[in-house]
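Each chain, written out:
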Amino acid sequence: MLINQVMVIGAGQMGAGIAQVFAQAGLRVKLNDLNEDALQKGLDGIKKRLTKAVEKEKMTENEKQQAFENLEGTTDLRAASDCDLIIEAVVEKMEVKTKVFQSLDAIAPDHAILASNTSSLPITEIAAVTKRPSQVIGMHFMNPVPVMKLVEIIRALQTSDETYEAIEQMTEKLNKTPVEVNDFPGFVSNRILMPMINEAIYTVYEGVSSVEDVDTVMKLGMNHPMGPLTLADFIGLDTCLSIMEVLHEGFGDSKYRPCPLLRQYVKAGWLGKKSGRGFYSYE
Ligand SMILES: CC(=O)CC(=O)SCCNC(=O)CCNC(=O)[C@H](O)C(C)(C)COP(=O)(O)OP(=O)(O)OC[C@H]1O[C@@H](n2cnc3c(N)ncnc32)[C@H](O)[C@@H]1OP(=O)(O)O
Ligand SMILES: NC(=O)C1=CN([C@@H]2O[C@H](COP(=O)(O)OP(=O)(O)OC[C@H]3O[C@@H](n4cnc5c(N)ncnc54)[C@H](OP(=O)(O)O)[C@@H]3O)[C@@H](O)[C@H]2O)C=CC1
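Cut-offs applied
One numbering rule holds for all chains: residues counted from 1, following each sequence as written. In the order they appear in the text, chains get letters beginning with A and ligands get numbers beginning with 1. Totals for whole chains, interfaces and linings use all residues, but because this is a predicted model, local features are given only for residues with pLDDT of at least 70 and pairs of side-chain atoms are given and counted only at 80 or more. Remark: hydrogens and water are excluded; side-chain values derive from all non-hydrogen atoms of the structure. Numbered from the N terminus, helices here are DSSP runs of H or I no shorter than four residues, and strands are runs of E no shorter than two. A helix's residues, less one, multiplied by 1.5 Å, set its expected span. Only protein chains enter the area calculation, which uses a 1.4 Å probe; residues under 20% of their type maximum are buried, those over 50% are exposed, and those in between are partly exposed. For this quantity, the arc is that covered by the directions from the helix axis to the C-beta atoms. Between two residues, a contact is recorded if the distance between any of their heavy atoms is within 4.5 Å. Put simply, buried Ala, Val, Leu, Ile, Met, Phe, Trp, Tyr and Cys residues joined by side-chain atoms within 4.5 Å make one nonpolar core. If a single non-hydrogen atom of a residue is within 4 Å of a molecule or strand, that residue counts as near it. Polar contact is defined as a pair of N or O atoms within 3.5 Å, subject to the rule that within protein one atom must be able to donate a hydrogen and the other to accept it, and that residues adjacent in sequence are counted only when both atoms are side-chain atoms. All accessible areas in this document rest on Shrake-Rupley with a 1.4 Å probe, and a residue is counted as covered only by the protein chains that are shown.

Let us now look at helix α4 (residues 94–107). Spanning 14 residues, α4 covers 20 Å between terminal C-alpha atoms, matching the ideal 20 Å at 1.5 Å per step. Taken residue by residue, α4 has M94, K97, T98, V100, F101, L104 and D105 as its buried positions. The buried residues of α4 occupy one face: seen down the axis, they fall within an arc of 160 degrees. In α4, the exposed residues that point more than 90 degrees away from the buried face are E95, K99 and A106. Tucked into the core, α4 has its buried residues touching β1 (5–9), β4 (85–88), β5 (113–116), α5 (123–128) and β6 (136–141).

Glancing now at the nonpolar core. Counting 40 residues, the largest nonpolar core has F22, L85, I87, M139 and F141 as the members making the most contacts within it. At seven residues, helix α1 (residues 13–24) tops the list of elements feeding residues into this core. Once you skip the residues sitting within four places of it in the chain, M139 turns out to touch F22, I87, A115, S116, N117, V151, E152, I167, M170, T171 and L174. Core analysis: the next-biggest nonpolar cluster, separate from the first, contains 27 residues, M194, V214, F234 and L241 among them.

A few words now on the site of ligand 1. With respect to spatial proximity, 17 residues lie near ligand 1, and among them K56, S119, H140, N143 and N190 are the closest. One of the side-chain nitrogen or oxygen atoms of H140 is found 2.7 Å away from an oxygen atom of ligand 1. For ligand 1, the protein covers 60% of the area, taking 1100 Å² as the surface of the free molecule. Mapped by element, the contributors of at least two residues to the shell around ligand 1 are α7 (189–205) and α9 (228–235).

Written out as structure tokens, the structure is:
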């Protein structure tokens, strides 16, 4: 299947990063957000990162211009009507994602693949709300998207081999490494990563250690590039909580219960780096 025109829904940290890597790989990409300010912030972030890459001589001015030209912003979902691949990267809430997929299903051409960048939600359930379940798949990028090499590709029960192969080839075109996984809560990445982050939060909650010291133990003791609490702030505490809830509900096992401190921070609007405060302050 030929993929020329791509659309990314949601211009947050993941959506903007995904749009950037497609534009850099020479594909035409439309970046969509409901909110004009969020869209502009996403586009500005891409421009800033590409400008920095030119300054660092990682990219030529010409390549930067070409990537800009491949990129277009829109707040109108109907712009999906000429797209071959649409990747959803809106908030980690099933009710929001299923609404987006139902709308996209009605707008996108019959041949189009609908992918979700969800961190943990069942792709099978998302596929079932469309009239093209065999063309629905999980394409899970890692944060920060321009840097991280992995794309976890999640097959729903209904996903066809043709859809899988098209997404696998596209991942390679983006110069990333695909790993195929089945549709189970948290897939592989977040089934392993998020309980570690949740446990780090419990360690602070139970007074075993401070935020800084927990991070230092994992950075210097385990050679992690970021401590788990810095990483939680970087991912977004709302996203971390949503993922823990999916694991908790999906497996019905109390070992996945979200730490009360995580819930409290999210209720306070302390969502991490994106809101200016989480376990650390970013003001
Ligand atoms: C929740 C999910 O569903 C799944 C997930 O994504 S979980 C999160 C997975 N990601 C991680 O675990 C990230 C862990 N952290 C890291 O790997 C590193 O700290 C990091 C790559 C983010 C930064 O690395 P660093 O060496 O400390 O910083 P720095 O030297 O400034 O940056 C290294 C490169 O990354 C780039 N970079 C850093 N942050 C970036 C960002 N937010 N966006 C784009 N590029 C970024 C820098 O520009 C730099 O690029 P060059 O090498 O081309 O110059
Ligand atoms: N953060 C991470 O490290 C990772 C996240 N993911 C997944 O990626 C997805 C997005 O996460 P992330 O980018 O961090 O989240 P953000 O909160 O940064 O961005 C989400 C964006 O989607 C917008 N949005 C919400 N609803 C709609 C809609 N119906 N149509 C269009 N845009 C909409 C939001 O706008 P507004 O703010 O106005 O509501 C916001 O701009 C989630 O499913 C998450 O689990 C996957 C890998 C890593």
